[in-house]
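# Survey of secondary and tertiary structure
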Amino acid sequence: MLQEAGREEVTAFAEKLLQEIHNLKIPHVAGDGYVSVSIGISSRRVSSEEQFMNLLNDADKALYCAKQSGRNCLSGWQPST
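Residues numbered from 1 in each chain as written. Predicted model: local features only at pLDDT ≥ 70, side-chain atom pairs only at ≥ 80, totals over all residues. Heavy atoms only, no water.

The next subject is the overall build of the chain. For the chain, the helix and strand inventory stands at two helices and two strands. Its helices and strands taken in sequence order, the chain reads α-β-α-β from the N to the C terminus. Overall size of the chain, expressed as C-alpha extent along the three principal axes, is 45 × 20 × 15 Å. A total of 81 residues make up the chain; the buried ones form 17% of that total. Contacts in the chain between residues at least 24 apart in sequence constitute 49% of all its contacts with a sequence separation of at least 6. When the accessible surface of the chain is totalled, it reaches about 5,900 Å², and 53% of it is carbon and sulfur. Side chains of the chain carry 8 positive and 10 negative charges; the gap between the two charge centres is 5 Å. (Helix = DSSP H or I, 4+ residues; strand = E, 2+ residues; numbered from the N terminus. Buried < 20%, exposed > 50% of the residue type's maximum accessible area, 1.4 Å probe, protein only. Contact = heavy atoms within 4.5 Å. Areas by Shrake-Rupley, 256 points an atom, 1.4 Å probe, with all protein chains shown as cover. Lys, Arg positive; Asp, Glu negative; His and termini not counted. Charge placed at Lys NZ, Arg CZ, Asp CG, Glu CD.)

Right, here's the structure in full:
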């Protein structure tokens, strides 16, 4: 996690991570092409365990959205209310 980071910082970090992994060009052993990642992000301040769990759930939802979008994707999720 990137504590104290805002949405823009988290997004920039995730985009850089996607690019760095892509640049490694690690052969994918189960298929053609290279290893890639999907990343789901969510960002907000939390002050309770319940809010923290909501943050994790939102990041998980974003990850599934990224996976459905294809390889080497990044997706953000709006915070739960």
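The rest of the description comes next.
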